[in-house]
Amino acid sequence: MKKILVTGGAGFIGSSLVDELIKDEGNRITIVDDLSMGKRDNIPKSDRITFYEKSVCDYEYMQELLINEKFNYIYHLAAVASVADSIERPAYTHQVNLESTLNILETVRINKLAITKMLFSSSAAVYGDDPTLPKKEISPIKPKTPYAIDKYASEQFVLRYGELYDIQTVAVRFFNVYGPKQNPKSPYSGVLSILKDSIDNNRSFKVFGDGEQYRDFVFINDVVGAIIHLATSSKCVHEVYNVGTGKRTSLNNVIKDFKEILSSNIPIEYANSRTGDIKYSYADIQKLLDSGYTPKYSVTQGLRLYLK
Ligand code: NAD
Ligand code: UD1
């Protein structure tokens with residue numbers, strides 16, 4: 001039996017991860033999520049899942065949980081996941097996105113907890129607006145927001161703690177993840193969730209800029225596949241991996257794909273670019289490929305499943 005902790009397990013990526021992990025009957029999953037963004041309904045029903053509506057910033061609670069449960073795997077995904085939110089609440093973001101990570105690491109270190117692997121979810125936001133493309137893990141780091149600063153610091157704590165104190169750790173930098181369960185409700189939600197929501201509700205979709213900006217849009221199934229692979233592979237330790245597809249797709253091309261898949265016209269308005277918007281971003285995923293994981297979904301394949 002494997003005991004697995006998923007923080008943020010009621011959110012978009014966390015609950016999709018739980019959907020996959022629960023397929024293995026040997027897994028027992030504990031979720032800690034304060035439901036600030038996640039939803040209880042996202043969590044699959046199973047007697048092998050225990051859900052605690054708690055904050056990862058309840059440090060004593062987390063310490064007790066870790067000491068009592070002795071997890072084999074920890075996926076630390078809970079976060080203030082919105083960059084805009086981190087700019088509104090930098091000090092609170094710091095507690096959730098950095099101090100909660102340090103608390104987990106300290107608890108593991110001081111109590112010599114024998115975890116098999118701890119995985120931390122960082123972000124492509126750490127690269128900021130540096131123009132080097134595609135982004136390699138060794139590309140310049142230019143975090144420009146409280147979100148990105150804390151993601152970078154946390155990721156480095158996780159990796160260097162791992163080396164210093166012999167704790168098996170790994171970190172991932174997600175690019176632009178999309179798929180079912182992504183919440184479209186904020187103007188800063190993932191663009192594809194907003195596009196889908198506009199179509200579902202017969203609203204026009206607003207493109208900021210000329211639509212030629214491109215991103216590395218990665219389907220949730222590949223994100224889940226990659227993180228389970230990195231967490232369970234004993235070779236992948238004390239390293240950070242980009243998680244994307246390695247392909248760039250412009251917003252205009254995504255809209256074209258949506259139209260073709262749905263065989264319908266989507267009313268589009270073009271507006272000025274957003275201040276601070278990054279024009280181009282995509283990942284070099286050679287390191288992920290070398291580790292033994294190959295993404296399975298092209299953007300068109302991922303969108304087909306998403307829109308089904
Ligand atoms: P999400 O908001 O859907 O999930 C985050 C979850 O964490 C939510 O369920 C939320 O309720 C929970 N949470 C927030 N604060 C908490 C707290 N104090 N205690 C306990 N739970 C708390 O976002 P997501 O897209 O699923 O993101 C998951 C992780 O991946 C985050 O760490 C995020 O920063 C990172 N990430 C996501 C993307 C993306 O494209 N979605 C890109 C880069 C990095
Ligand atoms: C991502 C983060 C963002 C962070 C940035 C820094 C997500 C969801 N967003 O932004 O918070 O600041 O990385 O690395 O992970 N767009 C539209 N119409 C819309 C919404 C968006 O045209 O209604 C455009 C945006 O202006 C942008 C592109 O679509 O050019 C992608 O936007 P978004 O999904 O927010 O991702 P990032 O810009 O990569």
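The structure we're discussing is the one just above.
Each chain carries its own residue numbering, running from 1 in the written order of its sequence. Ligands are numbered from 1 and chains lettered from A, in the order in which they are written. Per-residue local features of the predicted model are confined to residues with pLDDT of at least 70, and side-chain atom pairs are confined, for both listing and counting, to 80 or more; whole-chain, interface and lining totals are unaffected and use all residues. Side-chain descriptors were evaluated using all non-hydrogen atoms of the structure, hydrogens and water having been removed beforehand.

**Some thoughts on the packing of aromatic side chains**
In plain terms, the rule: Aromatic rings from Phe, Tyr and Trp, with only the six-membered ring used for Trp, were paired whenever their centres fell within 6.5 Å, and each pair was classed as stacked if the ring planes differed by under 30 degrees, edge-to-face if by over 60, and tilted otherwise. A helix here means a DSSP run of H or I that spans at least four residues, while a strand means a run of E at least two residues long, and both kinds are numbered starting from the N terminus. A simple rule labels every residue: compare its accessible area, found with a 1.4 Å probe on the protein chains alone, to the largest value its type can have, and call it buried under 20%, exposed over 50%, or partly exposed in between. Charge over a ring is defined by NZ of Lys or CZ of Arg lying within 6 Å of the ring centre and within 35 degrees of the ring normal.
Taken as a whole, this structure holds 9 aromatic pairs when the rule is applied. Judged by centre distance (5.9 Å) and plane angle (70 degrees), the rings of Tyr214 and Tyr282 are edge-to-face. Within this pair, whereas Tyr214 is found in strand S9 (residues 214-215), its partner Tyr282 is found in the loop between strand S13 (268-271) and helix H9 (286-291), the two being separated by 68 residues in sequence. Judged by relative accessible area, Tyr214 falls into the buried class, the value being 13%. Since its relative accessible area comes to 13%, Tyr282 is described here as buried. Following the ring pairs from residue to residue traces out a cluster consisting of Tyr178, Phe219, Tyr297 and Tyr306. Geometry around Tyr241 places Lys287 over its ring, the cationic atom sitting 5.2 Å from the centre.

**A look at the site of ligand 1**
So the rule is basically this: Note on definitions. A residue lies near a molecule or strand when any single heavy atom of the residue is within 4 Å of it. Any N or O atom pair separated by 3.5 Å or less is treated as a polar contact, with the protein-specific requirement of one donor-capable and one acceptor-capable atom, and with residues adjacent in sequence counted only for side-chain atom pairs. Lys, Arg, Asp and Glu make up the charged group, whereas Ala, Val, Leu, Ile, Met, Phe, Trp, Tyr, Cys and Pro make up the nonpolar group; the residues left over, Gly among them, are polar.
Around ligand 1, the structure places 28 residues, and the nearest of them are Phe12, Ile13, Asp33, Tyr147 and Lys151. Asp34 is positioned with one of its backbone polar atoms (N or O) 3.2 Å from a nitrogen atom of ligand 1. Listed by contribution, the elements that provide at least two residues to the shell around ligand 1 are helix H1 (12-21), helix H4 (90-110), strand S5 (117-123) and helix H5 (146-165). Element by element, the count of residues in the shell around ligand 1 is highest for S5, at 3 residues. Along the lines of polarity and charge, the residues of the shell around ligand 1 split into 16 nonpolar, 8 polar and 4 charged.

**Describing the pairing of strand S1 (residues 2-7)**
Here is the rule we go by: Here, strands pair whenever DSSP counts at least two bridges between them. Crossovers are marked right-handed if the path from the first strand over the helix to the second runs clockwise, as seen with the strands pointing away from the viewer.
By the bridge criterion, 6 bridges tie S1 to strand S2 (residues 27-32) in an arrangement that is parallel. Of the residues in S2, the one forming a bridge with Val6 is Ile31. Once the chain exits S1 it traverses H1 before rejoining the sheet at S2, and the crossover so formed is right-handed. Here 4 bridges tie S1 to strand S4 (residues 73-76), and the two strands are oriented parallel to one another. Bridge pairing links Leu5 to Ile74 in S4.

**Structural notes on the site of ligand 2**
Put simply, the rule is: Values of accessible area rely on a 1.4 Å probe in the Shrake-Rupley scheme; residue burial ignores everything except the protein chains shown. Domain borders in the structure are assigned automatically or taken from a domain database.
Lining the immediate environment of ligand 2, one finds 18 residues, of which Val191, Lys206, Phe208, Arg215 and Asp277 sit closest. A distance of 2.8 Å separates an oxygen atom of ligand 2 from a polar backbone atom of Val191. Coverage of ligand 2 by the protein chains reaches 80% of its 730 Å² of free accessible surface. Broken down by secondary-structure element, the contributors of at least two residues to the shell around ligand 2 are helix H6 (191-200) and strand S8 (205-208). No other element matches S8, which puts 4 residues into the shell around ligand 2. Here the shell around ligand 2 is built from residues that sort into 10 nonpolar, 4 polar and 4 charged. Lining the shell around ligand 2 are residues from two domains, each supplying at least three of them: domain 1 (2-176 + 218-243) and domain 2 (180-216 + 246-307).

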